[in-house]
There are 2 protein chains.
Amino acid sequence: MSQKTLNSVKSCGTAVSCQDCTLSSLCLPISLDGHDVDRLDAIIKRGRPFQKSHTIWRQGDDFQSVLAIRSGSVKSFVTSPSGEEQIVGFHFAGELIGLNGLFKKKYPISTVALETTTVCDIPYDSLDALADDLPELRDQILHSMSQEISEDQQMMLLLSKKTSDQRLATFLVSLSERFHRRGYSATRFRLTMSRNDLGNFLGLAVETISRIFSKFQQQEILRFIDSSRDIELLDMDTLYELADLQDSVQRPCGSKSAS
Amino acid sequence: MSQKTLNSVKSCGTAVSCQDCTLSSLCLPISLDGHDVDRLDAIIKRGRPFQKSHTIWRQGDDFQSVLAIRSGSVKSFVTSPSGEEQIVGFHFAGELIGLNGLFKKKYPISTVALETTTVCDIPYDSLDALADDLPELRDQILHSMSQEISEDQQMMLLLSKKTSDQRLATFLVSLSERFHRRGYSATRFRLTMSRNDLGNFLGLAVETISRIFSKFQQQEILRFIDSSRDIELLDMDTLYELADLQDSVQRPCGSKSAS
DNA sequence: CGAACTTTTGACAGGCTTCAAGACCGGTGG
DNA sequence: CCACCGGTCTTGAAGCCTGTCAAAAGTTCG
């Protein structure tokens, strides 16, 4: 295994500083000079890991801080008054969560750990004060929120217009690109969420997810390795064709067969 | 008609200033003192109205400005590579559009006028410069984007989990609250979008929309006045029950029958 | 007043959900 | 080490909600 595997954030013990953190270029890719990083470093708290299924915050909780995920993964969901839940996103190492709580000072969504997950805690008060002085940080926050809006709108298109096959293909391709961008394999990774979560997120029944995975395996579009959670994507061309995705960045693995 | 009607923005000729505009409290509800309003006023351009079906900007166009809608209404949609369109929002007088273009400096969605529509044009360069000095304006922008995220996530829940009846009820209740908040009638308004647009937005076929409207009329939940675009909501209780909405603000018209 | 478009209504079909049952998996304790 | 147990995942059969196709009725506007 020459590829680094997920969830192995190098030397991220409680004592490590932002400057030394392997995620620094991911979680806050802003052009802070040494002094600024120190200031950010000073306000960040590093707590103990969250266990699988732990609720990190609940919809309606008072907004306290933004979290940078250092390892592990989480799901975020909204709950309707009648109790129906809709997963609106999965987040992995190197991603920032909780930003949209700063409007109304309450978290608008619940967030739960999908596996053992470690985070950096950035208390809002300090972040707010720091942002006043740092235009780059403000831009970074705007950037994150803007991107979230675009992603959510792509999800609306998916939920409104795509067939079940296309939905699953879109999801896999998106995950693939996301992992690739962070330096992990684009074709082989672990699905840390259950089939249930996947179905919920994609607007499909669990059984449908399962059936499509079976079909995709038959068609040799993908395969599972050992468990039903470790996946290898075999036919990216077909997946991309099905996904009909906005060219987010660029196809990570090879060019399309013809072009 | 004691109620003011939609699209009648009092004395909003090309010469009116922000200070005198009847929308000022809506489009930029920020605590600017007189001097600041003058500065904002100076950078705003008031163009001629857009005609129905006019494309205000297209997905991928260079980001130039944010628009405040003074009268009329628009639809915004994303387009997938294969050409499928998904309407992601409708916007009415007093609302700000185009904000999420400031990430990537391109508009991520297309926007088209649903009827004759007038706007105030706020060029980005000047807005950006102004925002540097005005924390309130920055907060307002963050606030808008944060709200958009929450709304989009509610739409994901709708598209993923709700039946066609619930979707239409949710839409009507949302519109009702939106109009009410802006001082218009909560029970009687004009649907400026076509059944087609409505179906597209709600993830349903045009025919389904039409059928549900017919059913709702039979059940005396609503009725149409003169045309198929002018609607009156008769049974808000049933609509709210169907909608299963997050208590956005508060029921505008009367309390629920029991409580 | 007619052409083009929007809206409505009906009949039918299909994709996905629901219901049900069995297989598989991971963790625990004897 | 292996049997057991709860949960997850898979697979099959049946049914329903909504989409599709088709045509008529209504609306808009030159």
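Counting from 1, residues in each chain are numbered in the order their sequence is written. Lettering of chains starts at A and numbering of ligands starts at 1, both following the order in which they are written. Selection of residues for local features in this predicted model requires a pLDDT of at least 70, selection of side-chain atom pairs for listing and counting requires 80 or more, and totals for whole chains, interfaces and linings are taken over all residues. For the side-chain quantities, the full set of heavy atoms in the structure was used; hydrogens and water were omitted.

Asks: Before we move on, could you go through the overall build of chain A and cite the residues and values that matter?
Replies: Numbering of helices and strands starts at the N terminus; helices are DSSP runs of H or I of at least 4 residues and strands are runs of E of at least 2. A count of helical and extended segments in chain A gives eight helices and 11 strands. In chain A, which comprises 259 residues, the share counted as buried stands at 54%. When contacts within chain A are restricted to residue pairs at least 6 apart in sequence, long-range pairs at least 24 apart make up 70% of them. The classification of residues rests on relative accessible area computed with a 1.4 Å probe and restricted to protein chains. Under 20% of the type maximum is buried, over 50% is exposed, and intermediate values are partly exposed. Whether two residues touch is decided by their heavy atoms; if any such pair falls within 4.5 Å, the residues are in contact.

Asks: Quick rundown of unusual backbone geometry? Include the residues and the values.
Replies: Backbone geometry at Lys105(A) places phi at a positive 55°, although glycine is not the residue there. Topologically, Lys105(A) is positioned in the loop between strand 6 (96–97) and strand 7 (110–113). Using a relative accessible area of 42% as the deciding quantity, one classes Lys105(A) as partly exposed. One non-glycine residue, Asp226(B), adopts positive backbone phi at about 70°. The topology assignment puts Asp226(B) in the loop between strand 10 (222–224) and strand 11 (230–233). On the basis of relative accessibility, which here comes to 83%, the residue Asp226(B) falls in the exposed class.

Asks: Which residues make up the protein's contact with DNA strand D, and what values do they have?
Replies: One heavy atom suffices: a residue is near a molecule or strand as soon as one of its heavy atoms comes within 4 Å of it. Near DNA strand D you find 17 residues, and of these Ser210(A), Ser214(A), Arg229(A), Ser164(B) and Thr208(B) are the closest. Whenever two N or O atoms come within 3.5 Å, that pair is a polar contact, provided that in protein one can donate a hydrogen and the other can accept it, and provided that, for residues adjacent in sequence, both atoms are side-chain atoms. Contacts to DNA strand D include Ser214(A), whose side-chain N or O atom sits 2.3 Å from a phosphate oxygen. Arg211(B) is positioned with one of its side-chain polar atoms (N or O) 3.0 Å from a base oxygen of DNA strand D. Residue contributions to the surface near DNA strand D peak at four residues, all from helix 7 (residues 206–218) of chain A.

Asks: Outline the pairing of strand 7 (residues 110–113) of chain B, listing residues and values.
Replies: Residue and element names in this part refer to chain B. The side-chain alternation of strand 7 yields two buried faces, one formed by Ser110 and Val112 and the other by Thr111 and Ala113. Any two strands are treated as partners once DSSP identifies two or more bridges connecting them. In this sheet, strand 7 lies alongside strand 2 (residues 55–57) in antiparallel orientation, the contact comprising two bridges. Residue pairing across strands places tryptophan 57 opposite threonine 111, the latter belonging to strand 7. Pairing between strand 4 (residues 73–79) and strand 7: four bridges, direction antiparallel. Paired with phenylalanine 77 across the two strands is serine 110, which belongs to strand 7.

Asks: For the domain arrangement of chain A, give the residues involved together with the corresponding values.
Replies: In many reports, interface size means the accessible area that the parts give up when they come together. All names here are of chain A. Throughout the structure description, domain borders are defined by an automatic or database domain assignment. Here chain A is described as being made up of domain 1 (3–147) and domain 2 (162–243). The interface of domain 1 with domain 2 comprises 20 residues on the first partner and 13 residues on the second. Every case where a carboxyl oxygen of Asp or Glu lies within 4 Å of a side-chain nitrogen of Lys or Arg is listed as a salt bridge. Between the two partners, domain 1 and domain 2, sit three salt bridges. Along the contact surface separating domain 1 from domain 2 lie nine residue pairs in polar contact (both at pLDDT 80 or more). Elements with a minimum of two residues in the side of domain 1 that touches domain 2: strand 4 (73–79) and strand 5 (85–92). Ranked by the residues each element gives to the side of domain 1 that touches domain 2, the list is headed by strand 5, at eight residues.

Asks: An account of the packing of helix 4 (residues 135–161) of chain A against helix 4 (residues 135–161) of chain B is requested, with residue identities and associated values reported.
Replies: Every axis corresponds to a line fitted to the C-alpha atoms, with the helix fit spanning only the stretch in contact, and the corresponding angles, defined between N-to-C directions, vary from 0 to 180 degrees. Closest axis-to-axis distance for the helix 4 of chain A/helix 4 of chain B pair is 9 Å, and the angle between their directions is 20°. In terms of orientation, helix 4 of chain A and helix 4 of chain B fall into the roughly parallel class. Once helix 4 of chain A is placed against helix 4 of chain B, the crossing between them reads as left-handed. Residues are grouped as follows: Ala, Val, Leu, Ile, Met, Phe, Trp, Tyr, Cys and Pro are nonpolar; Asp, Glu, Lys and Arg are charged; all remaining types, including Gly, are polar. Here the contact of helix 4 of chain A with helix 4 of chain B is built from residues that sort into 14 nonpolar, six polar and six charged. An angle below 35 degrees is read as roughly parallel, one above 145 as roughly antiparallel, one from 65 to 115 as roughly perpendicular, and any other as oblique. Each helix crossing is assigned a hand: it is left-handed if the near helix lies turned anticlockwise from the far helix by less than a right angle, otherwise right-handed if that turn is clockwise.

Asks: Any chance you could break down the packing of aromatic side chains for me, citing the residues and the numbers?
Replies: Between rings of Phe, Tyr and Trp, where Trp is taken as its six-membered ring, a pair exists when centres lie within 6.5 Å; planes separated by under 30 degrees are stacked, by over 60 edge-to-face, and by other angles tilted. Overall, the coordinates contain 18 aromatic pairs over all chains when judged by the stated rule. Here the aromatic rings of Phe90(A) and Phe171(A) are separated by 6.0 Å at their centres, their planes lie at 70°, and the arrangement is edge-to-face. Of this pair, Phe90(A) sits in strand 5 while Phe171(A) is found in helix 5 (residues 164–181), placing the two residues 81 residues apart along the sequence. For Phe90(A), a relative accessible area of 3% translates into the label buried. With a centroid separation of 5.0 Å and 55° between ring planes, the pair formed by Phe179(B) and Phe189(B) is classed as tilted. Here Phe189(B) lies in strand 9 (residues 188–190) and Phe179(B) lies in helix 5 (residues 164–181), a separation of 10 residues in the sequence. We classify Phe189(B) as buried; its relative accessible area is 6%.

Asks: Which residues make up the UniProt feature "domain: Cyclic nucleotide-binding" (unreviewed entry) in chain A, and what values do they have?
Replies: UniProt positions are given in the numbering used here, feature names are shortened, and annotations may be inferred rather than shown by experiment. Sequence positions flagged by UniProt for "domain: Cyclic nucleotide-binding" (unreviewed entry) are, in local numbering, residues 50–148 of chain A. In residues 50–148 of chain A, helix accounts for 24% and strand for 37%; the two terminal C-alpha atoms are 24 Å from one another.

Asks: Describe the protein's contact with DNA strand C, listing the residues and the values that go with them.
Replies: Lining the immediate environment of DNA strand C, one finds 17 residues, of which Ser164(A), Thr208(A), Ser210(B), Ser214(B) and Arg229(B) sit closest. One of the backbone nitrogen or oxygen atoms of Ser164(A) is found 2.9 Å away from a phosphate oxygen of DNA strand C. In the model, a phosphate oxygen of DNA strand C is placed 2.9 Å from a nitrogen or oxygen of the Arg195(B) main chain. Secondary-structure elements contributing two or more residues to the surface near DNA strand C are helix 7 of chain A together with helix 6 (195–202) and helix 7 (206–218) of chain B. Ranked by residue count, the leading element in the surface near DNA strand C is helix 7 of chain B, at four residues. Residue classes in the surface near DNA strand C are distributed as two nonpolar, nine polar and six charged.

Asks: So what's going on with the relation of the copies chain B and chain A? Which residues, and what values?
Replies: Overlaying chain B with chain A gives an RMSD of 0.0 Å, the required rotation being 180° about an axis along which the chain moves by 0.0 Å. Those values place the two copies in the arrangement expected of a two-fold rotation axis. An overlap of 100% is found between the interface residues of chain B and their copies at the interface of chain A, pointing to a shared contact surface. Superposition of the copies was done by least squares, using only C-alpha atoms of residues whose pLDDT is at least 70 in both.

Asks: Quick rundown of the nonpolar core? Include the residues and the values.
Replies: In this structure, Phe171(A), Phe213(A), Phe171(B), Leu172(B), Leu191(B) and Phe213(B) are the most contacted members of the largest nonpolar core, which totals 85 residues. For Phe171(A), the residues in contact, after removing those within four places along its chain, are Phe90(A), Leu191(A), Met193(A), Leu198(A), Phe201(A) and Leu202(A). The next biggest cluster of nonpolar side chains, apart from the first, holds 53 residues, and it includes Ile97(A), Leu99(A), Trp57(B) and Met145(B). Here, nonpolar core refers to any group of buried Ala, Val, Leu, Ile, Met, Phe, Trp, Tyr and Cys residues whose side-chain atoms link them within 4.5 Å.

Asks: With reference to specific residues and values, describe a negative patch on the surface.
Replies: Taken together, the side chains of Asp125(A), Asp128(A), Glu136(B) and Asp139(B) define an acidic patch exposed on the protein surface. When contributions to the negative patch are tallied by element, the ones reaching two or more residues are helix 3 (124–133) of chain A together with helix 4 of chain B. Note that Asp128(A) resides in helix 3. Overall, the relative accessible area of 34% leaves Asp128(A) in the partly exposed class. Nonpolar side chains (Val, Leu, Ile, Met, Phe, Trp, Tyr) are joined into patches within 5 Å and like charges within 9 Å, using only residues with over 30% relative accessible area and no salt bridge. Where accessible areas are quoted, they stem from the Shrake-Rupley method and a 1.4 Å probe; at the residue level, only the protein chains shown are allowed to cover. Counting rule applied: Lys, Arg positive; Asp, Glu negative; His and chain ends not counted. Each charge is placed at NZ for Lys, CZ for Arg, CG for Asp and CD for Glu.

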